[in-house]
Amino acid sequence: MTQLGSTTSTCGAQWKMWLIKVFSVIYVSAVCAAQDPQDVTAFPDVFKTEGVPIQTAAPTVYKPPVPSVQRFPPWSEVFPSEKVTFSCDVIDSSDWTIIWKVNYERLSKTDPHLSFSPNGSVLTITAMSEDQSGNYSCVGQHKVKKVFTEESDFLELMVDENKPKPTVTSSFTSEKMFTGESVTFTCAVSVSSGWEYTWFHNGQEVQASDTYTIPSVGPANSGQYHCQAKRGSPPVHTAQSDRITLDVSEIPVPSLTNLTSWLDVFPTESVRLGCGMETGSSDWTYTWYKDGQMVQAGNTVSLDTDRAVLSISSASASHAGRYQCTGRRKDRAVTSSESTGLTLTVYGTKPRVELVQDPEYTVMFPGERVSFRCHIDVSTGWEFVWYKDNTDLGSTENMYSVDSVSTTDSGSYTCKAKRGQGPVFSTDPSQTKHIEVKSTKPIVELVQDPEYTVMFPGEHVSFRCHINVSTGWEFVWYKDNMDLGSTENMHSVDSVSTTDSGSYACKAKRGQGSVFSTDPSQTRHVDVKKDKPKPVMTQVPNFDKVYTGESLTFICTVDISSGWEYLWYKDGTELPTTGRNLTINDAKSSDSGVYKCKARRSKTMFNTEESEPKDLNISEIPVPSLTNLTSWLDVFPTESVRLGCGMEAGSSDWTYTWYKDGQVVQAGNTVSLDADGAVLSISSASASQAGRYQCTGRCKDRAVTSSESTGLTLTVYGTKPRVELVQDPEYTVMFSGERVSFRCHIDVSTGWEFVWYKDNTDLGSNENMYSVDSVSTTDSGSYTCKAKRGQGPVFSTDPSQTKHIEVKKDKPKPVMTQVPNFDKVYTGESLTFICTVDISSGWEYLWYKDGTELPTTGRNLTINDAKSSDSGVYKCKARRSKTMFNTEESEPKDLNISEIPVPSLTNLTSWLDVFTDETVRLGCGMEAGSSDWTYTWYKDGHMIQAGNTVSLDTDGAALSISSASGSHVGHYQCTGKRKDRTVTSSRSTGLTLTVSERPSASIILLTGWSEVFSTENLVLKCVVDSQDQWNYTWFKQDVEISPPSSERHSVTPQNDPDQSLYVCQGIRDGRPNYSKKSDSFKTSNLLLKRRVLLSISGCLFFGLVAVFIGCIVLRVTRKPAEDLEKQEETNLFLTMAELKERGDAPCPLVEYITDADMKDLSKEPEENGTICSESTPLPTVDEAGPSESNDTTESNGGMVSFKQ
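By convention here, each chain's residues receive numbers from 1 onward along its written sequence. Only residues with pLDDT of at least 70 get local features here, since the model is predicted, and only at 80 or more are side-chain atom pairs given and counted; chain-wide, interface and lining totals rely on the full set of residues. Side-chain measures here rest on the full set of heavy atoms in the structure, leaving out hydrogens and waters.

Looking at the overall build of the chain
Our working rule: In DSSP terms, a helix is any run of H or I states spanning at least four residues, a strand is any run of E spanning at least two, and both are numbered starting from the N terminus. Note on classification: 1.4 Å probe, protein chains only; a residue is buried when its accessible area is under 20% of the maximum for its type, exposed when over 50%, partly exposed between these limits. Here, residues are in contact when the closest pair of their heavy atoms is within 4.5 Å.
From N to C terminus, the chain includes six helices and 99 strands. Here the chain, with 1204 residues, has 37% of them falling under the buried criterion. Counting only contacts in the chain whose residues sit at least 6 apart along the sequence, the fraction spanning at least 24 positions is 61%.

Have a look at this one:
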């Protein structure tokens, strides 16, 4: 509020000062104009500074202004080639000539390093040497009065002849860096300010900032780094900084080596692995991994210094896996990638051997050779044992061979491996290899591919000699019983000729020395023709001209041999089809071309000659042209119309069909068609002939129909056309200087001329437009028009509707209103200014704040969520958007936006830490009074509502808590809301209320149950759970016992003949001044119960004696039954010692004295294991129970239960 007022006062004072200055200038000008020439020439003497006495009688003494100097750029220290600009500002600067000084000396305008603006108010210095350093100032000399201003303040300029050199620092000090590390370079110039920095890497610019950080270096970042600073425009550069060299290397990868002889071991063997860098490992420590998991030293695993060697003293299956290691620099956090791995295999089962046969013939013939190899791929040092049909063959090598087999060598062969001395370790036997030695020849089969009996020169044919018994065969080939000299199972002729015609056969053989041969195969015969065949291509149907949409088929035929596929060509390009027929469905123009075909054998790729070509021409079905043979298509009744339909290239092969609105047109009374239907004539038009006309053509010799022609729409009017007068802009009231135009619009037919009227007077224009570029009051009136056409009898429309305009002479002035119209507006509120022009329409509105136009053109200017920056002087004016005519400006409206005040929260009581049931009052209010505000209260952010213990006074300015409780604990705040509008303040600072529970009081029964026989008093004690000193008040049946007693209270049958409820409470002088009341304590009729207990005890004693004597008598007098088993008697009477030993025996005295059968206490003996003893206290009863009952219930054996 104060700041806003101060700002307003300052602005008002400045405005008044400027007004005084303006009036002073006007006054001085008037005085000067009123003097005679002698006075004018003598007037400048008033402003001389030499102290000459003033000779004129002018009443006003002129005081020249003081100039102000500014420097750009702002820094005072510059370097060679930098430019510095000083500007000298004097009030009414156009009347003054500026003189510049340095160190009180006037500057010379001949200095080439100085430049001045035309009026001398701006001085530009190009820094070159230290001689230009100094304190610069300016003085103004009036161009007319020749007086001087006072000298301005000084601005210092220091020119340093040496360019500064920036300093580079690095965050990394080591000579070598590894990839992934981070480094930051810092560039700084210690002199002057305003510097911008550029970084270079190997001479190339990389970044513009004072620091250059490489978060993760790589080899590409190696090189030299330096920086350079610049400032100003054009920029002036410093010298380059010293170079810093950055050497980045890839992190080396450690080498992993096996220090033992093998990596496949059996349990209990030892293994040693080594890890190290190529260039030594003194700067590195190592970490080991097995299958990606870190290896830790343990019972069987140990690591040496720097962890370079991993030792396994006793291998087991858990040690098997892939081992790798990584290195880490001791001096910084650089970790290498993992080394290549070594896989340690620990076998837990016997190795398996594999028996390999060569050749792998399961069926052999006498004289052939076979060998077996026993293969084991686990470890080394093995010997082998060979078996045939489970008989040891006596060989220990890993190979066993039979050079010439016979039928006796048929059988099953196996082997196994063993190694070691003493107890020999042997593998299980290998799989079995079985060979059978035959004595009969196998049969061979000759297969031909392709199976053509007739072939042509250049084709390829192959024969395969197939035998399905055993393997390893060589073959002998025959043509016409002549050996062809080939030994492969295939015999091929890559390019057959007539000399290859003949009969082919083969047989198989194998073995060395004594060769085993089969019988010859069956015979295959081939006939090779000399000349290529030529296919015949035919077209179905065979039309010379084919139209789009028709279908046709080309058929290619080769009469000799088989296995043909057909290749089709269009314009020399192969088509993607190999069938005998080439069908073209729904022919298109793109199907036109020269077609031919040839045949090819799919297996030999032999091609026939090409067929004779066929030229196919696919023509688009022509579309007939529909023409209007009359002058127009919108006619009036009885006029005639002629339409023509025809093909561009003549219509002798076509007939035509006509359509109107999609329906076929038939000849009738007024409609006729010529031969072939090429011309449609309408002799007398009527409304029934109106519609859209089209035609189609049909070829006379086949079912080819063209598409429909473009349409022509025939319109037949039944009434006169209407004209419409359109005004632009459509203002009924206009103002002098605006523009208006009228357009006479008729949308029926063509050839119209127009007639214009103003106040029923012909305006002499025949165009469809009539315009007035700048209206005046004489243009006010009613405007109409009509249309006409034709020669002789002229056809005219009825006049159009009337357009009336009224031209006003004076500009309107809008009225601006504020809604809501509050004098004071708070931040966050919304308000609307409404600009209204009551006359005419088509206005858009221009809004201004403090003389600046705002970007809105609506009638309303709404300010939502107002801010202090929205304060200002608002006004508006209206503008016609179509004619750009402007109204006068509205009266201004001064808007002042104030901040919403924050209420103050005060504690109206003495403390904020209270006890339950105490009262609390909090107050909320604005600093400048609260009569216009209502208040809302919050606890822990939630709104507080008035209730049983919480009340709010008028306007909610005070919050009262009549009886504090735990629910009132929390952080309290409040907000204010204006009564007259929705302005809500922010929340106040908070106060935290703490509510503590009052200390609790409880009653303790000090009398034990064993004391009932010796006393008639029941002693109660009141205890408060607090360390403070307390006095006590006792209540009986909610009535205070008077006088106040101590912490103990005695109850006797005399002062409490009936059972009563007792309550106690602690009281004191300090806070809290009283405690909570204890829970109620209920007593019983002690005297009656004491007598009853004595009676029960006597009955029990004498009853036990009688039962005991009876048992002795029965035992003496009664004989045991011989035929019945003697059952164990149940001991129904327990001694006191036995009762004590049994934990489940109830205590009847406790149950009786304390009403132990009550619902809330009935389970305590069971849960707590209560037994009868001298130290058992009487349980207390904390709440009123049911009244005593002396009813007794009989039980077996005459025992009595005393339940209440």
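Some thoughts on the side chain of Ser339
Relative to the assigned elements, Ser339 resides in the loop between β26 (321-329) and β27 (342-346). The class of Ser339 is buried, set by a relative accessible area of 2%. If we skip the residues at most four places from it in the chain, Ser339 touches Val253, Pro254, Leu256, Gln324 and Cys325.

Details of the pairing of β26
Counted only if it meets this: Only strands that DSSP links by at least two bridges are regarded as paired with each other.
In terms of burial, β26 is a largely internal element, seven of the nine residues being buried. Strand direction decides the pairing type here: β26 and β27, joined by three bridges, are antiparallel. Note that in β27 the partner of Gly321 across the bridge is Leu344.

Quick notes on the nonpolar core
Test applied: Working definition of a nonpolar core: buried Ala, Val, Leu, Ile, Met, Phe, Trp, Tyr and Cys residues. They are joined through side-chain atoms within 4.5 Å.
In this structure, Leu643, Trp654, Trp658, Leu680, Tyr693 and Leu714 are the most contacted members of the largest nonpolar core, which totals 25 residues. Every element with two or more residues in this core is listed here: β57 (641-646), β58 (654-660), β61 (679-682), β62 (691-699) and β63 (712-716). Look past the residues within four positions of Leu680 in its chain and what remains in contact with it is Val641, Arg642, Leu643, Trp658, Val665, Val671, Ser672, Leu673 and Tyr693.

A word on the environment of Asp92
As for its position among the elements, Asp92 is in the loop between β3 (83-89) and β4 (96-102). In this structure the C-alpha to C-alpha distance between Asp92 and Pro65, which are 27 residues apart in sequence, comes to 9.4 Å.

Points about unusual backbone geometry
Following Asp358, the chain continues into Pro359 via a peptide bond in cis, with omega recorded as -5°. Mapped onto the elements, Pro359 comes out in the loop between β28 (354-358) and β29 (363-364). Here the bond from Val540 into Pro541 is cis, since omega is -10°, no more than 30 degrees from zero. Within the element layout of this structure, Pro541 appears in the loop between β46 (536-540) and β47 (546-547). Notably, Asp586 is not glycine yet its phi reads approximately 50°, a positive angle. Summarising the element assignment, Asp586 is placed in the loop between β51 (581-584) and β52 (593-601).

Section: the packing of aromatic side chains
Threshold: For Phe, Tyr and Trp, rings pair up if their centres lie within 6.5 Å, where Trp contributes its six-membered ring, and each pair is then called stacked (planes under 30 degrees apart), edge-to-face (over 60) or tilted (otherwise).
Scanning the model with the defined rule gives 28 aromatic pairs in all. Between Trp564 and Phe606 the ring centres are 6.3 Å apart and the planes differ by 50°, which places this aromatic pair in the tilted class. Highlighted residues: Trp564 in strand β49 (residues 564-570) and Phe606 in the loop between β52 and β53 (614-616), separated in sequence by 42 residues. For the pair shown, Trp564 and Phe606 are each scored as buried.

Overview of the sheet that holds strand β93 (residues 1031-1036)
Neighbouring strands of a sheet are bound in pairs by backbone hydrogen bonds; such pairs are parallel or else antiparallel. Ordered in space as β94-β93-β96-β97, the four strands form an open sheet in which the pairing is antiparallel. What marks the edges here is a single partner per strand, and that holds for β94 (1039-1040) and β97 (1081-1082). As paired strands, β93 and strand β96 (residues 1061-1067) are joined by six bridges and run antiparallel to one another. Across the sheet, residue Asn1031 finds its bridge partner in β96, namely Ile1067.

Description of the pattern of salt bridges
In plain terms, the rule: The salt bridge definition used is simple: a Lys or Arg side-chain nitrogen within 4 Å of an Asp or Glu carboxyl oxygen.
Applying the stated criterion to the full structure yields 35 salt bridges. Of the charged contacts in the structure, one is a salt bridge between Lys438 and Glu436, with a shortest N-O distance of 3.1 Å. Here Lys534 ties to Glu612 by a salt bridge, and the two come within 2.7 Å at their closest N and O atoms. Pair noted here: Lys534 is in the loop between β45 (524-528) and β46 and Glu612 is in the loop between β52 and β53, with a separation of 78 residues, a long-range link. Residue Glu612 is classed as exposed on the basis of its relative accessible area of 53%.

Re the sheet that holds β4
Read across the open sheet, the five strands follow the order β2-β9-β8-β4-β5; overall the sheet is mixed. A single partner strand is all that each edge strand has here, and the edge strands are β2 (77-78) and β5 (105-106). Note that strand β8 (residues 134-142) and strand β9 (residues 155-159) share three bridges and pair antiparallel. Opposite Asn135, over in β9, you have Glu156 as the bridge partner.

Examining the pairing of strand β85 (residues 933-939)
Across seven bridges, β85 lies against strand β89 (residues 970-978) in antiparallel orientation. By the bridge assignment for β89, Thr936 is matched with Thr975. As judged from the two bridges shared by β85 and strand β86 (residues 942-943), these two strands associate in the antiparallel manner. Paired with Lys939 across the two strands is His942, which belongs to β86.

Let's talk about the environment of Ala690
Mapped onto the secondary structure, Ala690 falls in the loop between β61 and β62. Judged by its relative accessible area of 25%, Ala690 is partly exposed. Sequence separation between Ala690 and Thr715 is 25 residues, and the spatial gap between their C-alpha atoms is 5.0 Å. The residues touching Ala690, leaving out its near neighbours within four places in the chain, are Lys660, Asp661, Leu714, Thr715 and Val716.

Focus: the side chain of Ser462
Relative to the helices and strands, Ser462 resides in strand β39 (residues 461-467). Each residue touching Ser462, except ones within four places of it in the same chain, is listed here: Val447, Gln448, Asp449, Met490, His491 and Ser492.

Quick look at the confidence of the model for the chain
Just so we agree on the cut-off: Per residue, pLDDT captures the predictor's confidence, and it can take any value from 0 to 100.
Mean pLDDT over the chain stands at 81; residues scoring 70 or higher make up 83%. The element-level mean pLDDT for the chain is lowest in helix α2 (residues 37-42), coming to 34, with strand β75 (residues 831-836) highest at 94. Scored below 50 in pLDDT, residues 27-59 shows 16 contacts in the model against residues more than four places distant or in partner chains. This stretch, residues 1121-1130, has a pLDDT under 50; its non-local contacts, to residues over four places away or in other chains, come to zero contacts.

Brief notes about the environment of Ser709
Along the polypeptide, Ser709 turns up in the loop between β62 and β63. Ser709 gets classed as buried once you look at its relative accessible area, which sits at 2%. Considered as a pair, Ser709 and Leu626 are 83 residues apart in the sequence and their alpha carbons are 6.3 Å apart. The residues touching Ser709, leaving out its near neighbours within four places in the chain, are Val623, Pro624, Leu626, Gln694 and Cys695.

Quick notes on a nonpolar patch on the surface
Inclusion rule: Patch construction takes residues with relative accessible area above 30% that form no salt bridge. Like charges are linked within 9 Å, and nonpolar side chains (Val, Leu, Ile, Met, Phe, Trp, Tyr) are linked within 5 Å. Method for areas: the Shrake-Rupley scheme with a 1.4 Å probe, in which residue coverage is limited to the protein chains shown.
Residues Phe1101, Phe1102, Val1105, Phe1108, Ile1109, Ile1112, Val1113 and Val1116 make up a contiguous nonpolar surface patch of roughly 850 Å² in combined accessible area. With respect to the helices and strands, Ile1112 occurs in helix α3 (residues 1086-1117). Judged by its relative accessible area of 42%, Ile1112 is partly exposed.

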